[in-house]
Amino acid sequence: MTYQRLPDEPKLTAGETTKVAWLVARMAKRGIAGEGVYQGDLERKVERILEGARQRERRAGTRK
């Protein structure tokens, strides 16, 4: 089974993929702690990584 990227998702570098995977694992760990645990800080970090990847692709001209 392969992952199908959405059209607006940027292609991530290996480092970005690792950072996002680490943050998702932290979110899962917090999720185990309970429903009321705040995860907005981790979600913002993931969004910041994705935005950086989008900007990198725009600068490189690979996205149309």
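These notes cover the structure that comes with them.

1. What to know about the pattern of salt bridges
Under the criterion given, the structure shown has five salt bridges. We note a salt bridge from Glu47 to Arg54, for which the minimum N-O separation is 3.2 Å. Linked through salt bridges whose partners overlap, the residues forming this network are Glu47, Glu51, Arg54 and Arg58.

2. Notes on helix α2 (residues 40-60)
Residues three or four positions apart in an α-helix share a direction because the helix packs 3.6 residues into each turn. Taking 1.5 Å of rise per residue, 21 residues should cover 30 Å, and α2 covers 30 Å from first to last C-alpha, within 8% of that figure. Of all the positions in α2, only Gly40, Leu42, Val46, Ile49, Ala53 and Glu57 are classed as buried. Turning to α2, the residues buried within the fold contact α1 (14-33). Remark: Gly61 follows α2 within two positions and exhibits a positive phi of approximately 75°.

3. Here we look at the nonpolar core
In a soluble, globular protein the nonpolar side chains are often hidden away together inside. With six residues, the main nonpolar core is built from Val20, Leu23, Met27, Leu42, Val46 and Ile49. Secondary structure elements with two or more residues in this core: α1 and α2. Apart from residues lying up to four places away in sequence, Leu23 is in contact with Leu42, Lys45, Val46 and Ile49.

4. A word on the environment of Thr17
Counting through the fold element by element, Thr17 comes out in helix α1. By relative accessible area, Thr17 is classed as partly exposed at 41%. Thr17 sits 33 residues away from Leu50 along the chain, and the two C-alpha atoms are 9.7 Å apart.

5. Details of the side chain of Gln39
Its location among the elements puts Gln39 in the loop between α1 and α2. Look at Gln39 and you get buried, because its relative accessible area is 17%. Excluding anything up to four places from it in sequence, Gln39 contacts Met27, Arg30 and Gly31.

6. Observations regarding α1
Taking 1.5 Å per residue as the helical rise, α1 with its 20 residues ought to reach 28 Å, and the 29 Å between its terminal C-alpha atoms agrees with that figure. Every buried residue of α1 is accounted for by Glu16, Val20, Leu23 and Met27. Buried residues of α1, viewed axially, fall in a sector of 65°; they line one side. For α1, the exposed residues set more than 90 degrees away from the buried face come down to Ala14, Thr18, Trp22, Lys29, Ile32 and Ala33. Tucked inside the fold, the buried residues of α1 contact α2. Note on α1: the residue one or two positions beyond its end, Gly34, has a positive phi of about 150°.

The rules behind the values
Residues numbered from 1 in each chain as written. Predicted model: local features only at pLDDT ≥ 70, side-chain atom pairs only at ≥ 80, totals over all residues. Heavy atoms only, no water. Salt bridge = Lys/Arg side-chain N within 4 Å of Asp/Glu carboxyl O. Helix = DSSP H or I, 4+ residues; strand = E, 2+ residues; numbered from the N terminus. Expected span 1.5 Å × (residues − 1). Buried < 20%, exposed > 50% of the residue type's maximum accessible area, 1.4 Å probe, protein only. Contact = heavy atoms within 4.5 Å. Core = buried A, V, L, I, M, F, W, Y, C linked by side-chain atoms within 4.5 Å. Arc of directions from axis to C-beta.

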